[in-house]
Amino acid sequence: ESIRAAAAALLSTSRVAIVAGDGAALSGCGAELLDLAEALRAPIATSLGARGLIDTRHPLAVGVVGNYAAPPANQVVHAADLVLFIGCDTGDQVTHTWRVPKPGTRIVQIDADPLEFERSYPTEVALLGDPRGTLAALCAEIGRPSRDHTFLTEARALMAAWRRSVAPRQTSDAVAIDPARLAAEITAALPPDAILVADTGYSGIWTGTLVDLAPGQTYLRAAGSLGWAFPAALGAKCAAPHRKVVCWSGDGALYY
């Protein structure tokens, strides 16, 4: 009954945005997430912890949402009539201090932890379950309906305009080096199974918005403790000695 109710809610408007969080990443539901988003013609935003769950260059992807976002993701989620949260804690960071989505937006939520429901927003439909299995059931219920593409077209236009605006910085020869150029070089150099470890603060912003990632690559970021990235990168290398590990640290974090 909950699956049918969620499907009905999602199909009731064409302005649906999806926000996938750390719980979605833990579930490994990237394929199911894309299936549902394609059926709904819905743009996908993620938390920092879910970056790389789907290819960040996918036409449905609008990037990280919240306090560490580039503008498109916040603009898209703020403009949605209904937001589907998947394994996402709806805390202050991912919601831009509870401004994205805007108050009054309809919410459907999938989570394996019942304590996540109703934490920050009234939930129209709550689906308690593993995100991967729940999304598969939801996709089967929804099928391939005829959908209005207007909202997705708007989202893609915002992403394209933003990428054009940052492109000159990604090839800049400025000294000191522009962080956008560094992000572009790291994107080009990362092997398919690389691990990128980022500190909090601007390190999280640069890596979370401008280093493109694909499934198979791992993104680990500090959840609030400046100086975390360097020891965490050492730990990642010890745990996965045959994978390349890159550490991005700044804001004086090494002094910590």
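As the structure is a prediction and not an experimental result, all values here were calculated from the model. (Residues numbered from 1 in each chain as written. Predicted model: local features only at pLDDT ≥ 70, side-chain atom pairs only at ≥ 80, totals over all residues. Heavy atoms only, no water.)

**Quick notes on the packing of aromatic side chains**
Applying the stated criterion across every chain, the model contains one aromatic pair. Taking 6.1 Å as the distance between ring centres and 25° as the angle between the ring planes, the aromatic pair formed by Phe85 and Tyr121 counts as stacked. Highlighted residues: Phe85 in strand 4 (residues 82-86) and Tyr121 in the loop between strand 5 (106-111) and strand 6 (125-128), separated in sequence by 36 residues. Of the two residues, Phe85 and Tyr121, neither departs from the other in class, the shared state being buried. (Phe/Tyr/Trp six-rings, centres within 6.5 Å; stacked < 30°, edge-to-face > 60°. Helix = DSSP H or I, 4+ residues; strand = E, 2+ residues; numbered from the N terminus. Buried < 20%, exposed > 50% of the residue type's maximum accessible area, 1.4 Å probe, protein only.)

**With respect to helix 5 (residues 131-142)**
End to end, helix 5 covers 16 Å across twelve residues, agreeing with the expected 16 Å (1.5 Å per residue, within 8%). Along its buried surface, helix 5 packs onto helix 1 (2-11), helix 2 (22-27), helix 3 (30-40), strand 4, strand 5 and strand 6. Where helix 5 begins, the capping side chain belongs to Asp130, and its oxygen is found 3.2 Å from the backbone nitrogen of Arg132. Downstream of helix 5 by one or two residues, Gly143 has phi in the positive range, about 70°. (Expected span 1.5 Å × (residues − 1). Contact = heavy atoms within 4.5 Å. Polar contact = N/O pair within 3.5 Å; in protein donor to acceptor, adjacent residues only side chain to side chain.)

**Quick notes on the packing of helix 3 against helix 5**
Following both chains from N to C, one finds helix 3 and helix 5 inclined at 30°, their axes separated by 9 Å at the closest point. Between helix 3 and helix 5, the interaxial angle falls into the category roughly parallel. As helix 3 packs across helix 5, the resulting crossing turns out to be left-handed. Each of Glu32, Leu33, Asp35, Leu36, Ala39 and Leu40 in helix 3 lies in contact with helix 5, whose residues at this interface are Arg132, Leu135, Ala136, Leu138, Cys139 and Ile142. (Axes fitted to C-alpha atoms, helices over the stretch in contact; angles between N-to-C directions. Parallel < 35°, antiparallel > 145°, perpendicular 65-115°, else oblique. Left-handed = near helix turned anticlockwise from the far one by under 90°.)

**Thoughts on helix 4 (residues 71-79)**
Taken together, the buried positions of helix 4 are Pro72, Ala73, Asn74, Val76 and Val77. Looking at the buried residues of helix 4, the elements they touch are strand 1 (16-20), strand 2 (44-46), strand 3 (61-64), strand 4 and helix 6 (150-170).

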